[in-house]
Every structure is written in C-alpha cells, then in structure tokens.
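The lines below spell out each chain.
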Amino acid sequence: EVQLVESGGGSVEPGGSLRLSCAASGFSFTDAWMSWVRQAPGKGLEWVGRIKSKNSGGTIDNAAVLEGRFTISRDDSRNTLYLQMNSLKIEDTAVYYCKWEKSPYYALDAWGQGTTVTVSS
Amino acid sequence: QSALTQPPSASGSPGQSVAISCTGTSADVGAHDYVSWYQQQPGKAPKLMIYEVSKRPSGVPDRFSGSKSGNTASLTVSGLQAEDEAYYYCSSNIGGNILVFGGGTKVTVL
C-alpha cells in the first residue's frame, strides 16, 4: 500500500524557517518523481515544486512565486522527501501536501494527507 | 489569480449532470493531453478523478468523465449523488515541468 506521511508542520514567526518531511513507502522511492503542493486556508491548490529521481537527473523545478525561499530535496536512503522553507511569510500559511508522480507530466499521482504550517507573529 | 480558469460554483439535483469547465492557454491545456481533475472533500487531501483528459484511475465511478476542446477542458459528473458535493480542481502542465491548477469549483447537490 502506498503511504505518504508528511510531518514537520507547526507554528513559526514571520522570517523563520521550517523543514517539512514526507516519508514514503509502498513504492520505489528511488525511482519516484515527487512534488509539493500547498493550500492556504479557504483557497485553492498551489504547486510548490517537483524533484525528479536521481536516475532522471534529479532536476528540481520550483514555483517562481516562491522567489527561491523554498528548497526541495530528497534522501533516497531514508525514502524521504523534504521541503526547506526559509524567510517564511504570513502568506505561506497553508496545508502542505507531498505527492508521488506515478507517471510523467503530472498525470497519475498519489497524495499524502498534508501537514499544516502557520506563520504568525 | 489562478493559471487555469474555473467557474466558482456549479450545482445540480440528484440524478442530473453537471459540467465544469477549465480554461487555460495554448501553453498548458491546449498544448497536450495532460489535464487532470481532482475532487476535494472538506479537510481531506485532493483525490484524482481524471487524468490525461479523460482517463479514470481505478476505483473512480464511470459517472465521472473528462474531455477537452482547444484550450478548455471539462469534467462532467453524471447521475449526481450527494457524495459528489465537493470542490473540484483541474490541473495541467507547462512544458512538462511546471504544474498549474485552476481556482476550484464548488459543486453543490441541490
């Protein structure tokens, strides 16, 4: 059974940092292309970025709007995806989901249940 | 402003059909056949209902169907049921690398 379990969310002040994790199981994480998607309270879905598998070059694509504040990485030995978030802003408050891209070009996928990040002073 | 445009709401009575549009551009929806539709219930993660314009993942009822014409994709829910009441989001990609979503449509079963 495919499982994606996000963790690391919580409350942080503006300007702070947080690292989210997504523990994956039930599929070959080493070969997986993984993405982060977020959803602000009462708002729609927003793509954060994607990291390809190492054997596909490990390329990382990020949403331009994040201005380089967020960094996606992976540890294939731990079957874990990460999202390092720096210089956090109030508007980064959201539920953050990780998802496994089962097929290229954002077709078939599987989502975690999300972890909540609250940026507030 | 969302990259893809969806109507904010749609509704229908039980047993009826409802169609939701998703309008993009020649760079995303119109460029290829990678359009997906998600259903999201309150407090839950999005659930994939349609991928590659019209394909249904295993377990999704055939009441859900997708199509595309030019830069506009559509999701049709036939034989509406109470459990279909949810938000629906479309998505597509730009150049195979950038993922874009619609703003979401709230479907109400009257």
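Each remark here, short or long, concerns the structure printed above.
Here is a short report on the structure shown in this document. Note that this is a predicted model, so its numbers are computed, not measured.

About the criteria used
- Numbers given to residues run from 1 along each chain, matching the order in which its sequence is written.
- Here chains are named by letter from A upward and ligands by number from 1 upward, in the order in which they appear as written.
- This being a predicted model, a pLDDT of at least 70 is required before a residue's local features are given, and a value of 80 or more before pairs of side-chain atoms are given or counted; all residues contribute to the totals for chains, interfaces and linings.
- Only hydrogens and water are removed before side-chain values are computed, so all heavy atoms of the structure are retained for them.
- Aromatic pairs are defined between Phe, Tyr and Trp rings, using the six-membered ring for Trp, whenever the two ring centres lie within 6.5 Å; interplanar angles under 30 degrees are classed as stacked, those over 60 as edge-to-face, and all others as tilted.
- In this text, helices come from DSSP runs of H or I with a minimum length of four residues, and strands from runs of E with a minimum of two, each type numbered from the N-terminal end.
- With a 1.4 Å probe rolled over the protein chains alone, any residue whose accessible area is under 20% of its type maximum counts as buried; one over 50% counts as exposed, and the rest are partly exposed.
- Two strands form a pair only when DSSP identifies at least two bridges running between them.
- Interaxial angles span 0 to 180 degrees and are taken between N-to-C directions of axes, which are lines fitted to C-alpha atoms, for helices over the stretch in contact.

## Quick word on the packing of aromatic side chains
Okay, step 1: One pass over the structure, following the stated rule, counts nine aromatic pairs over all chains.
Okay, step 2: Centroid distance Phe27 of chain A to Trp100 of chain A: 3.9 Å. Interplanar angle 10 degrees. Geometry classified as stacked. Residue Phe27 of chain A is located in the loop between strand E3 (18–25) and strand E4 (33–39), and its partner Trp100 of chain A is located in strand E9 (residues 94–101); the two are separated by 73 residues in the primary sequence. By the burial criterion, Phe27 of chain A is buried, and Trp100 of chain A matches it.
Okay, step 3: When the centroid spacing of 6.3 Å and the interplanar angle of 55 degrees are considered together, the rings of Tyr38 of chain B and Phe101 of chain B count as tilted. One end of the pair, Tyr38 of chain B, is in strand E3 (residues 35–40); the other, Phe101 of chain B, is in strand E8 (residues 98–101), and 63 residues separate them in sequence.

## Brief notes about the sheet that holds strand E5 (residues 64–69) of chain B
All names here are of chain B.
Okay, step 1: Strand order in the open sheet formed by three strands is E2-E6-E5, and the pairing between neighbours is antiparallel. The open sheet has two edge strands with one neighbour each: strand E2 (18–23) and E5. Strand-to-strand twist of the sheet, defined as the mean angle between neighbouring strand axes without regard to direction, takes the value 20 degrees.
Okay, step 2: Bridge count between E5 and strand E6 (residues 72–77): six bridges; the pairing is antiparallel. Paired with Ser65 across the two strands is Thr76, which belongs to E6.

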